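Chain and residue survey
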Amino acid sequence: MPNPTADWERVGDRFYRKIKLYDAVFDQDLELENYVIAGAPCAGAIALYRDEDKLHTYRGSQASKSGIDIYSCAGKLIRRINWDKGSIRGLGWSEDEKLLVVTEDGIVRCYYDLQGDFTQFSLGNGAEQHGVKACRFWSTGFVAILSNNRLIAVSHYNEPRPKLLAIPPEATVHSWTVIPPAYTLSRSVEVLLAIGQTIYVVDSSEAEDRVLPNGPFKYVSVSPNGLYVTLYTEDGKVWVITSDFQNKIGEYESKAKTIPKDVQWCGNDSVLLAWEDEVHMIGPDGALLKYYYDGWVHLLADIDGVRIMTNDVCEFLQRVPSTTEDIFKLGSTSPASVLLDAVDQLDKKSPKADENIQLIRPNLPDAVAACVYSAGQEYSTHWQKQLLKAASFGKSVLDLYSSDDFVDMCEKLRVLNAVRDYRLGLPLSFEQYERLTAEKLIQRLINRREYLLAIRLSDYLRLPTNKIYVHWASQKVRNSTADEGAICETVVKKLANKRGISFEYIARAAYDEGRSHLATQLLNHESRAGKQVPLLLSMSEDELALDKAIASGDTDLVFFVLLHLKKTLPLASFFRLLTNRPLATALVESSARDQDLSLLKDLYYQDDRRLDGANLLFSEALAQTAPQTKVDKLKLAAKLIADNTKDPTTSLYHKSFSEAQALIRLQTTLDNDLHGGEKVYTGLSLNATLHRLILTTHAKRATKVASEFRVPDKTLAWIRLRALVAKRDWAELEEIAIKNKRSSIGWEPYFNEILGAGNTKLAGGVFVAKCTGLTARERSDMWIKCGMITKAGEELLKARDAEALEDLRSRASGGGVGEIDKMIAQLRPKR
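Structural notes, computed from the coordinates. (Residues numbered from 1 in each chain as written. Predicted model: local features only at pLDDT ≥ 70, side-chain atom pairs only at ≥ 80, totals over all residues. Heavy atoms only, no water.)

Overview of the overall build of the protein
Heads up, the condition is: What counts as a helix is a DSSP run of H or I of at least four residues, what counts as a strand is a run of E of at least two, and both are numbered from the N terminus. In what follows, a contact means two residues having at least one pair of non-hydrogen atoms within 4.5 Å.
From N to C terminus, the protein includes 33 helices and 29 strands. Residue pairs at least 24 apart in sequence account for 47% of intrachain contacts in the protein once pairs closer than 6 positions are excluded.

In C-alpha cells, the structure reads:
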C-alpha cells in the first residue's frame, strides 16, 4: 500500500495533499474551456453551461441546443435541463444543493431537486431594464450586479425579497465578490468592488472607499471564514489582507505575463491561481507550489479545500490535518504515531509492540483519540482500517475508556465510503459530512433517486425512511406508463405497513401530472382527513371532500370545506350539496345566523322551510326601529306561511304575526293621539301597552284595547292592579274592592301588591276581610304582616285555635301580649 504521505507537498511550514477522487470524469470531446462550471458545496453536484461569449465546435443541431448539464463529481450525468429562456448571467448553488440560474433580464429559477422542477421569481428593481451582468453566490443567497453598477441582493431563496444595496460609483468594475452576512459586523451582505485603483465596500446603507493603492485589482476573493481577502493586481502581484482592510498579511509576486482565469482560496490558509492547464498555490509567507495538467482546469472551492476538475480527473486539494501530519510525518514521535507503529509490530508478532505501548502509556488516551479522528480524514480504506485498528488496540489496553467516539467514527466512515463510490460521486470529506449532516445527505440521495442506498443508510443511521418511500412513490406515479390501477396497487403494496407515509403528497404528484383518477384512488389510502380534503377541493371533488370532512367528525374541517365551496360554487349548487347532509346544513345554519342572514333566508327558501323563514323575518321585525318597516317584515312573514294555515302550529304563527301588525298600528296611533308623535308606546309588548295606558289614566282605552286583542280577564286584572299600585291610586283600588264582591284573580294578589307598596292600612283594613277563601291561620298571617297583632288574635279566637294563639303570644310584644292572654283565657274551660 502506498505511503499516505506520497501525495503530500510542503508549502512553507505546512503540508498540503492532492487526493485523486475520480478519473476519466468527462468525455474528451467535452471542451471544458468553453463551459461555465459551478459546483455545489460539500462535494455536491456540478452544473455545466456553455459560455455564450466563446466560439464552439459545431457538432450538429441536437448538440448545439442550449442546456444546463448536471453531473456528479465522478462525471455521471444526473440531469440535462433544456434552456431557452435567454442569456444566463449567473449559475450557482445553495447549501442544500438547489441550482440557481439568473438570466440577463433578472429572472431567477431555483431548481430544487436536480430533476428539473423549479420555482421562479424576478429581481425587479430595474434588472429587466438595465440587464444583469454577473452574480456572486453564497450558501443562502446571492448578489447580482446590473450594467449600471447597481447591486441587488437576495438573502434567502425560500422567501426571496430582492433588495437594492447602496449606490456605488458608475466607473468600470474590474472584479468583485461578496462577504456573506454570517461574516460581517452588520449581519448583512457586503460587496467588494474593484473600481479604479481602489476597493469599495458596499452594503445596504453606504458605499465606502477603502483607499487602497496599486489597483486596478483583476481578482477579489474572500476566504471561507470571511476573515481574509485576496487581491490580484494588474501587474501580477497577489495581496492577502484582512477583510476589514486594516492589516496586510502578505504579498506575492507571481511574475506571470497573463492574468489567471480564476483565483480561489484553498481552505483559510492558501490561495490558488489557475491558468488554462496550470495551478499555483501560494501559502503562508509567499511559499509557492505548482501543479500542471494535460487539459483545461476548473477550480471549485469548498469549505475545507478545492476540487480541481479536468476532463481526465477530479482531485481534492486541501491542507493536511494537523493530527494526520503528526501521525504520518517522517520521523514523527507523537503518541498516535507510536501507537500506529505498535499495531504494525503486533501484526509482525514483535515484542516491540508492547514496548511502544509502555512508552506512550501516559498519553495513550490522546493517542487513541488522534487515531480515531485521523481515520475520518483519510480517503483510503486501507489507512482508515489501520488507524482504527491502532485505536482499537490502544483502547483495549486502557482500563477505562468510552468507545462512543470510536463507534461513531466507524459508523460515519461506512457512510462516507458508501457515498464516495464512483457510481454515486459524492466525495465528502469528514468536515463536509459533519457540516452537511446525515439527514441532508439522505436528501441528496433522494434527489438523485438513489432510493435503495438512501433506505439502507437511513436504517443504518436509525433515521426515518418515510420521506424516501413517498419520494419514490411520487416519481412512480409521475413517470410510470402502466395502467393507473396497476400503479396504485404497486404503490399501496410497497408502502403497506410503512409508518409516516403521506398518501396526500403522492396523490398531489399524480394530480399535478394530470392523473386525477389515480390521485383520487391514492387519497382513499390517506388516513388523515385533514390531508385528504384540501387536495380533493383543489381537484374539484367537492362532494367527496365534504363527505370526507363530515366522516372525520372534525367540525373545523367541515367549516373549512363549506367556506371554500361557498366561495367557489353558485349558491344553488352549494345548497344542493347540503341536501341529505344534516351536519353540514346545521353548521351552515348556525354560522349564517350570526354572520349572514341573507344566506340563512336563501337556505330556508331552498329547503322550503317556511316556518323557519317566517321566524327569521319575525326576529328581523323585532330588531327594527321604524314601525312601518316592522309591519312590512311581519307582512312578509305572514305571507310566507299563509298557504298552510290549516296546520295548528302554522295557524298560531299566522295569528301572532297578524296581531303583532295590529299592535304596531295601535301603538303608532296612541303615540300620535296621546303624545304628539313621540315614541312612547312604540316597541312595547301588548301587556306593557295596557299597563302604560292605565298608568297614564287612560283606563277606558286600555279596556277597549284589551277587548280588541281578546286579552283574558285575569291578565287584564293583573295589569290593572299593578298599574294602579304603581301610580299609588289607593282610592281606585278601594273602590274596586267595594264595588266588586269577586275578583277574577282573587283578592290575595291585591293584598300582596298593596302591602308590597307599603300601604298596610288599605291592605289590612279592606282586603284581608275580602279573602274569605283562606283559613283563619292564613288570614291571621296577613294581619300579622300588616302589624295588626290584635286583629290576628281575633281571627284565631273566632276559629277557637288555642294553639295558634299560644304561638302568636310568643311573637307579640307590649300591650298586645295582654290582649292575647285575654283571648287565650276565653278559650280555657271554666272550673
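Details of the sheet that holds strand β6 (residues 77-82)
Convention followed: Two strands pair if DSSP finds at least two bridges between them. The axes used here are C-alpha line fits, helices contributing only the stretch in contact, and every angle between their N-to-C directions lies in the interval 0 to 180 degrees.
Across the sheet, which stays open at both edges, the four strands sit in the order β3-β4-β5-β6 with antiparallel pairing between neighbours. The strands lining the two open edges of the sheet, one partner per strand, are β3 (35-39) and β6. Sheet twist, expressed as the mean angle between neighbouring strand axes with direction ignored, is 20°. Two elements, β3 and strand β4 (residues 46-50), share five bridges in a ladder whose sense is antiparallel. Pairing of Ala38 across the sheet is with Ala47, part of β4.

Section: the packing of helix α28 (residues 748-756) against helix α29 (residues 760-770)
How we decide: Each angle gets one of four labels, with under 35 degrees taken as roughly parallel, over 145 as roughly antiparallel, 65 to 115 as roughly perpendicular, and the rest as oblique. Crossing handedness is defined as follows: a turn of the near helix away from the far one that is anticlockwise and smaller than a right angle gives a left-handed crossing, while the clockwise case is right-handed. Charged residues are taken to be Asp, Glu, Lys and Arg, nonpolar residues to be Ala, Val, Leu, Ile, Met, Phe, Trp, Tyr, Cys and Pro, and polar residues to be all remaining types, Gly included.
Here α28 crosses α29 at 165°, and the two axes come no closer than 8 Å. On the basis of their axis angle, the class for α28 and α29 is roughly antiparallel. Handedness of the crossing formed by α28 with α29: left-handed. Residues Tyr750, Phe751, Ile754 and Leu755 of α28 form the contact with α29, whose participating residues are Thr760, Leu762, Ala763, Gly764, Phe767 and Val768. When grouped by side-chain class, the residues that make up the contact of α28 with α29 number eight nonpolar, two polar and no charged.

A few points about the packing of aromatic side chains
Test applied: Whether two aromatic rings pair depends on their centres lying within 6.5 Å, for rings of Phe, Tyr and Trp, where Trp uses its six-membered ring; planes under 30 degrees apart make the pair stacked, over 60 edge-to-face, and the rest tilted. Definition used: whenever NZ (Lys) or CZ (Arg) falls within 6 Å of the ring centre and also within 35 degrees of the ring normal, the charge is taken to sit over that ring.
Tallied over the full model, the rule gives 11 aromatic pairs. When the ring of Trp747 is compared with that of Tyr750, the centres are 5.2 Å apart and the planes differ by 50°; the resulting orientation is tilted. Directly above the aromatic system of Trp239 lies the positively charged group of Lys248, at a separation of 4.2 Å from the ring centroid.

So, unusual backbone geometry
Convention followed: Using a 1.4 Å probe on the protein chains alone, a residue whose accessible area is under 20% of its type maximum counts as buried, one over 50% counts as exposed, and one in between counts as partly exposed.
One non-glycine residue, Glu97, lies in the positive phi region at around 65°. Note that Glu97 resides in the loop between β7 (88-93) and β8 (99-103). Given a relative accessible area of 0%, Glu97 falls into the buried group. Even without being a glycine, Val211 presents a positive backbone phi close to 55°. Residue position: Val211 is located in the loop between β18 (207-209) and β19 (217-222).

Some words on the nonpolar core
Convention followed: In these notes, a set of buried Ala, Val, Leu, Ile, Met, Phe, Trp, Tyr and Cys residues joined through side-chain atoms within 4.5 Å is what counts as a nonpolar core.
In this structure, Leu339, Leu428, Val477, Val491, Ile506, Leu522 and Leu562 are the most contacted members of the largest nonpolar core, which totals 94 residues. Here this core gets seven residues from one element, more than from any other, and that element is helix α5 (residues 364-377). Non-local contacts of Leu428, meaning those with residues more than four positions away in its chain, are made with Cys42, Ala43, Tyr379, Leu416, Val419, Arg420, Tyr433, Leu436 and Leu441. The next biggest cluster of nonpolar side chains, apart from the first, holds 51 residues, and it includes Val680, Tyr750, Phe751 and Leu755.

Describing helix α6 (residues 381-397)
This is how the line gets drawn: Given the number of residues in a helix, its expected span is that number minus one, multiplied by 1.5 Å.
The terminal C-alpha atoms of α6, which comprises 17 residues, lie 25 Å apart, in line with the 24 Å expected from a rise of 1.5 Å per residue. Among all positions of α6, only Trp383, Gln384, Gln386, Leu387, Leu388, Ala390, Ala391, Phe393 and Gly394 are buried.

Considerations on the pattern of salt bridges
Let me state the cut-off plainly: Take a side-chain nitrogen of Lys or Arg and a carboxyl oxygen of Asp or Glu: if they are within 4 Å of each other, that pair is a salt bridge.
This model, assessed by the stated rule, comprises 32 salt bridges. With a closest N to O distance of 3.9 Å, Arg89 and Glu104 form a salt bridge. In this pair, Arg89 sits in strand β7 while Glu104 sits in the loop between β8 and β9 (107-111), placing the two residues 15 residues apart along the sequence. Glu104 gets classed as partly exposed once you look at its relative accessible area, which sits at 37%. Two residues, Lys218 and Glu234, come together in a salt bridge whose shortest N-O distance is 3.9 Å. Note that Lys218 is positioned in strand β19 and Glu234 in the loop between β20 (228-233) and β21 (237-242), a separation of 16 residues in sequence.

A few points about the sheet that holds strand β27 (residues 298-301)
Reading across from one edge, β1-β2-β29-β28-β27 is the order of the five strands in this open sheet, with antiparallel pairing throughout. The strands lining the two open edges of the sheet, one partner per strand, are β1 (8-11) and β27. Geometrically, the sheet is characterised by an average inter-axis angle of 25° between neighbouring strands, direction not taken into account. As defined by bridge partners, β1 adjoins strand β2 (residues 14-23) across four bridges and the pair is classed as antiparallel. Within β2, the residue paired with Val11 across the bridge is Arg14.

Things to note about the environment of Lys498
This is how it is decided: N or O atoms within 3.5 Å of each other form a polar contact, as long as, within protein, one can give a hydrogen and the other can take it, and as long as residues adjacent in sequence are counted only when both atoms are side-chain atoms.
The topology assignment puts Lys498 in the loop between α12 (484-495) and α13 (503-512). In the structure, Lys498 is positioned 29 residues away from Tyr469 in sequence and 8.6 Å away in space, judged by C-alpha atoms. There is a polar contact of 3.4 Å between the side chain of Lys498 and the backbone oxygen of Lys494.

Focus: a negative patch on the surface
Defined as follows: Patches here: salt-bridge-free residues with over 30% relative accessible area, like charges joined within 9 Å, nonpolar side chains (Val, Leu, Ile, Met, Phe, Trp, Tyr) joined within 5 Å. Accessible surface area values rest on a Shrake-Rupley calculation with a 1.4 Å probe, where residue burial reflects the displayed protein chains alone. For this count, His and the chain ends are skipped, Lys and Arg are scored as positive, and Asp and Glu as negative. Here the site of a charge means atom NZ of a Lys, CZ of an Arg, CG of an Asp or CD of a Glu.
Together, Glu276, Asp277, Asp294 and Asp312 make up a region of like negative charge exposed at the surface. As for its position among the elements, Asp277 is in the loop between β24 (270-274) and β25 (278-282). Take Asp277: its relative accessible area is 37%, and that puts it in the partly exposed class.

Some thoughts on the pairing of strand β17 (residues 198-202)
Counting buried residues along β17, five of its five residues qualify, which places the element largely inside the surrounding structure. Of the two faces of β17, the one carrying Thr198, Tyr200 and Val202 and the one carrying Ile199 and Val201 are both buried. Pairing between strand β16 (residues 190-195) and β17: five bridges, direction antiparallel. Counted as the bridge partner of Val191 is Val202 from β17. Where β16 hands over to β17, the hairpin turn is made up of two residues, of which Gly196 adopts a positive phi near 65°. Looking at chain direction, β17 and β18 are connected through three bridges and run antiparallel. Looking at β18, one finds that Val201 is bridged to Glu208. Once β17 ends, the chain turns through four residues before running back antiparallel as β18.

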